[in-house]
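Each chain, letter by letter, is given below.
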Amino acid sequence: MKKITLAANWKMYLDESSSIAFIDKLNADKDLFSNKDIILFPSHACIRAVKDRLNVSLSIGMQDCDMYAKGAYTGSTSINSIDIDSCIVGHSERRIVYKESDNVISDKLNTVLSSNANPILCIGETLKEKNKNLAVSTIDKQLSILPKNLKGKQLTIAYEPVWAIGSGDVPSNQYIDEMLSSIKNRLKSLYSDTDLQNIKLFYGGSVDASNVSELLNVELIDGFLIGSASANFEKFKDIVKQLKL
Ligand code: PEP
């Protein structure tokens, strides 16, 4: 049985004091959270406080980073600004709200690959694309930015249909399986077996305690990227309790 990863994307839901309050509850429940494969993604400004407060050995990541690692880029955050394990790039909120193109996302991905952190690349089709039967071609285009050389890093592809994010509308296991299979085939055409062993596939979009056990039946899923349900300690704990490892 494989160990499932939970990536908790707190987005901009928790300020510093609520992030600390979350960590205090997590520390108090050490037995449940220890030995779980969990990555917390606080807001950039709260990462230091979260790292300092955490008494359980979990990973910490950045929700996004600048495509540049250093220099005159007012208001931006470098991947090297703080020591973290992982960084999300290409989240649909960055693509849609901040109009980030595949070129920008490609630069960010390469910046993360050159840092000490491992990237999580988010991809997924909009409802309009799904309804026009363009889901596979959309994700193929989003995957076309993948570099040939993974520099020995662990890469995660998070398949997050945009229509499932924050909507409560979760795709069927069959739909997720078809999309992840298509992603896997694309990856097989790009990478060696050694590289493939360092690539994980996540599903994201309205994951919560009511649907996670059903989603765990999708064999290709190595982990979940969870938004709103991960920023509420009790809801997150109810998800963690359903992990078998
Ligand atoms: C996300 O934004 O990555 C996400 C999956 O959000 P939610 O779980 O709230 O749908």
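What comes next concerns the included structure. Everything numeric in this text was worked out from a predicted model, so none of it was measured.

Moving on, we get to the site of the ligand. The environment of the ligand is made up of 15 residues, and the closest members are Lys11, His91, Glu160, Gly166 and Ser206. One nitrogen or oxygen atom from the side chain of His91 is found 2.7 Å from an oxygen atom belonging to the ligand. The contact in question runs from an oxygen atom of the ligand to an N or O atom on the side chain of Glu160, over 2.7 Å. Contact with the protein chains removes 98% of the 290 Å² of surface that the ligand exposes when unbound. Counted by class, the shell around the ligand contains four nonpolar, eight polar and three charged residues.

Turning to unusual backbone geometry, a few remarks are in order. In this structure, Asn35 is a non-glycine residue whose phi angle is positive, near 65 degrees. Mapping Asn35 onto the fold places it in the loop between α2 (30-33) and β2 (37-41). Backbone geometry places Lys151, a non-glycine residue, at a positive phi of 50 degrees. Turning to its location among the elements, Lys151 is positioned in the loop between α7 (135-143) and β6 (155-159).

Looking now at the packing of aromatic side chains. Following the criterion strictly, the structure yields seven aromatic pairs and no others. Here Phe22 and Phe233 contribute two aromatic rings whose centre-to-centre distance is 5.4 Å and whose plane-to-plane angle is 85 degrees, an arrangement assigned as edge-to-face. One end of the pair, Phe22, is in helix α1 (residues 16-28); the other, Phe233, is in helix α11 (residues 233-240), and 211 residues separate them in sequence. Just as Phe22 is buried, Phe233 falls in that class too. On the numbers, 4.2 Å between centres and 10 degrees between planes, the contact of Tyr68 with Tyr73 is stacked. Members of the aromatic cluster, connected to one another through ring pairs, are Trp10, Phe22, Phe33, Phe233 and Phe236. The ring of Trp163 carries Lys130 above its face, with NZ or CZ at 4.7 Å from the centroid.

Analysis parameters
- Residues numbered from 1 in each chain as written.
- Predicted model: local features only at pLDDT ≥ 70, side-chain atom pairs only at ≥ 80, totals over all residues.
- Heavy atoms only, no water.
- Near = heavy atom within 4 Å.
- Polar contact = N/O pair within 3.5 Å; in protein donor to acceptor, adjacent residues only side chain to side chain.
- Areas by Shrake-Rupley, 256 points an atom, 1.4 Å probe, with all protein chains shown as cover.
- Nonpolar A, V, L, I, M, F, W, Y, C, P; charged D, E, K, R; others polar.
- Helix = DSSP H or I, 4+ residues; strand = E, 2+ residues; numbered from the N terminus.
- Phe/Tyr/Trp six-rings, centres within 6.5 Å; stacked < 30°, edge-to-face > 60°.
- Buried < 20%, exposed > 50% of the residue type's maximum accessible area, 1.4 Å probe, protein only.
- Lys NZ or Arg CZ within 6 Å of the ring centre and 35° of its normal.

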